[in-house]
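Notes for the structure review
These are the residues of each chain, in order.
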Amino acid sequence: MARVTGIGGIFFKSRGDSTELAAWYKQHLGLPLEAWGGAVLRWPDDARTDGGLTVWSVAARDSQWFSPSDAPFMINYRVDDLAALIEQLRADGVTIVGGPEEHENGQFAWILDPDGNKLELWQPKAESEGEGAS
């Protein structure tokens, strides 16, 4: 049977100016925007040695996981230094709604983008800390 082998892209509508929202992601999260306005993220560019992974999950209709956002989605972004990124985001006035928190898979924090979408930031554990362990 043919099957899905990974996530090939993430696409969502801006509630306002899409160019400004993309620029916010570049400025605050370091997304490498291409001339066409989007970013291409390649697993080999990630310094972690877990080979990269993408989690896919469907939340229940009444889930509060994405709150305070009213968007029906939340994107998780892998980051290389969560503590430094949170410090930078706080200095830039970005709304931080939770974390950082330590979990079995690494450290997590949650922020809001200018459209009110909740984003999850994830720094996977280093291999010596159990990265890749299930």
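For the structure given in this document, a descriptive report is provided here. All values reported here derive from a predicted model rather than from experimental measurement.

Regarding the pairing of strand 4 (residues 118–124)
The element strand 4 is extensively covered by neighbouring structure, given that seven of its seven residues are classed as buried. Burial of the side chains of strand 4 extends over both faces: K118, E120, W122 and P124 are buried on one face and L119, L121 and Q123 on the other. Pairing analysis gives seven bridges linking strand 3 (residues 106–112) to strand 4, with the strands arranged antiparallel. Looking across to strand 4, one finds that L112 is bridged to K118. Where strand 3 hands over to strand 4, the hairpin turn is made up of five residues, of which G116 adopts a positive phi near 85°.

Some details on the environment of G52
In this structure, G52 sits in the loop between helix 1 (18–29) and strand 1 (75–78). On the basis of relative accessibility, which here comes to 25%, the residue G52 falls in the partly exposed class. When the C-alpha positions of G52 and P124 are compared, they lie 9.8 Å apart, and in sequence the two are 72 residues distant. If near-sequence neighbours (up to four positions away) are discounted, G52 is found in contact with W43 and R78.

Here's the deal with the pattern of salt bridges
Scanning all chains against the criterion turns up four salt bridges. The salt bridge partner of D70 is R15, with a shortest N-O separation of 2.9 Å. Here D70 is found in the loop between helix 1 and strand 1, whereas its partner R15 is found in the segment before helix 1, with 55 residues between them in sequence. For D46, the salt bridge identified is with R78, shortest N-O distance 2.7 Å. Residue D46 is found in the loop between helix 1 and strand 1, and its partner R78 is found in strand 1; the two are separated by 32 residues along the sequence.

Criteria and thresholds
Residues numbered from 1 in each chain as written. Predicted model: local features only at pLDDT ≥ 70, side-chain atom pairs only at ≥ 80, totals over all residues. Heavy atoms only, no water. Buried < 20%, exposed > 50% of the residue type's maximum accessible area, 1.4 Å probe, protein only. Helix = DSSP H or I, 4+ residues; strand = E, 2+ residues; numbered from the N terminus. Pairing = 2+ DSSP bridges. Contact = heavy atoms within 4.5 Å. Salt bridge = Lys/Arg side-chain N within 4 Å of Asp/Glu carboxyl O.

In short, geometric facts, not functional conclusions.
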